[in-house]
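One-letter residues, chain by chain:
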Amino acid sequence: MLNIVLVEPEIPHNTGAIARTCAVTGARLHLIKPLGFDISDKAVKRSGLDYWWLVDINVYENLDDYFAKNGDDNIWLATTKAPRSYAEADFTTENVTLFFGKETAGLPEWLREKYRDRCIRIPMRDEARSLNLSNSAAILAYEALRQQGFPGLNGEGSMSGEKE
């Protein structure tokens, strides 16, 4: 199972795009409060998120609440401050959990220090600050799924059949 954890996400469009990635991949989405937006049924319907019913979503009061309920096995922290690339990470374990920080500040320093050996980054130019949060989540999610052989996902489209 792939888990995506968003720590204090601020921008609803990013979380919506990440939820769509979770919907199409079967990944579980975990949101750590405070959230910068409303995810009530009414708000979701108003936003036109017609895939929301496909998302297994869990909301936590804080990081302590998350860790108390889920532990910290096989976690990976995405941060521009990481010493190594995600290409060096082994995502082949049965359960993989990817952590992403809020858009304006990233993951808390204490969390990065505690799991220093689990911090990974997406390579990019020095002059660029970072990728968009939803793009980063999609890149790492699909790398984890690739390493696992895309479990439960359809790898063929309608063009895979024979031509008549």
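Procedures and definitions
- Residues numbered from 1 in each chain as written.
- Predicted model: local features only at pLDDT ≥ 70, side-chain atom pairs only at ≥ 80, totals over all residues.
- Heavy atoms only, no water.
- Phe/Tyr/Trp six-rings, centres within 6.5 Å; stacked < 30°, edge-to-face > 60°.
- Buried < 20%, exposed > 50% of the residue type's maximum accessible area, 1.4 Å probe, protein only.
- Helix = DSSP H or I, 4+ residues; strand = E, 2+ residues; numbered from the N terminus.
- Lys NZ or Arg CZ within 6 Å of the ring centre and 35° of its normal.
- Core = buried A, V, L, I, M, F, W, Y, C linked by side-chain atoms within 4.5 Å.
- Polar contact = N/O pair within 3.5 Å; in protein donor to acceptor, adjacent residues only side chain to side chain.

> Can you help me understand the packing of aromatic side chains in this one?
Here a ring pair, both rings aromatic, is described through the centre-centre distance and the interplanar angle of the planes. Within the structure shown, the criterion is met by seven aromatic pairs. Centre to centre, the rings of Tyr 66 and Phe 67 are 5.3 Å apart; their planes meet at 80 degrees, and the pair counts as edge-to-face. For the pair formed by Tyr 66 and Phe 67, the shared burial category is buried. Centroid distance Phe 67 to Phe 99: 5.7 Å. Interplanar angle 15 degrees. Geometry classified as stacked. Of the two residues, Phe 67 sits in helix H3 (residues 63-70) while Phe 99 sits in strand E5 (residues 96-100), which places them 32 residues apart along the sequence. We note that Phe 67, like Phe 99, is buried. In this structure an aromatic cluster arises from ring pairing among Tyr 60, Tyr 66, Phe 67, Phe 99 and Tyr 115. Looking at Arg 118, its charged tip hangs above the ring of Trp 76, at a distance of 4.2 Å from the centre.

> I would appreciate a short explanation of the nonpolar core in the present structure.
Note on soluble globular proteins: their nonpolar side chains tend to be buried together. Counting residues in hydrophobic clusters, the biggest one holds 29 residues, and the most contacted among them are Ile 4, Leu 29 and Phe 100. The set of elements that each furnish at least two residues to this core consists of strand E1 (2-7), helix H1 (12-25), strand E2 (28-32), strand E4 (75-78), E5 and helix H5 (133-147). Per element, the largest residue contribution to this core is six residues, and it comes from H5. Core analysis: the second largest hydrophobic core is formed by 15 residues, Val 7, Leu 77, Leu 111 and Cys 119 among them.

> Can you walk me through H3 in this structure?
Two residues of an α-helix separated by three or four positions point the same way, owing to the 3.6 residues in each turn. Leu 63, Asp 65, Tyr 66 and Phe 67 are the residues of H3 that are buried. Taking the backbone nitrogen of Asp 64 as reference, a side-chain oxygen 3.1 Å away marks Asn 62 as the first, capping residue of H3. Immediately downstream of H3, the backbone of Gly 71 shows phi near 75 degrees, a positive value.

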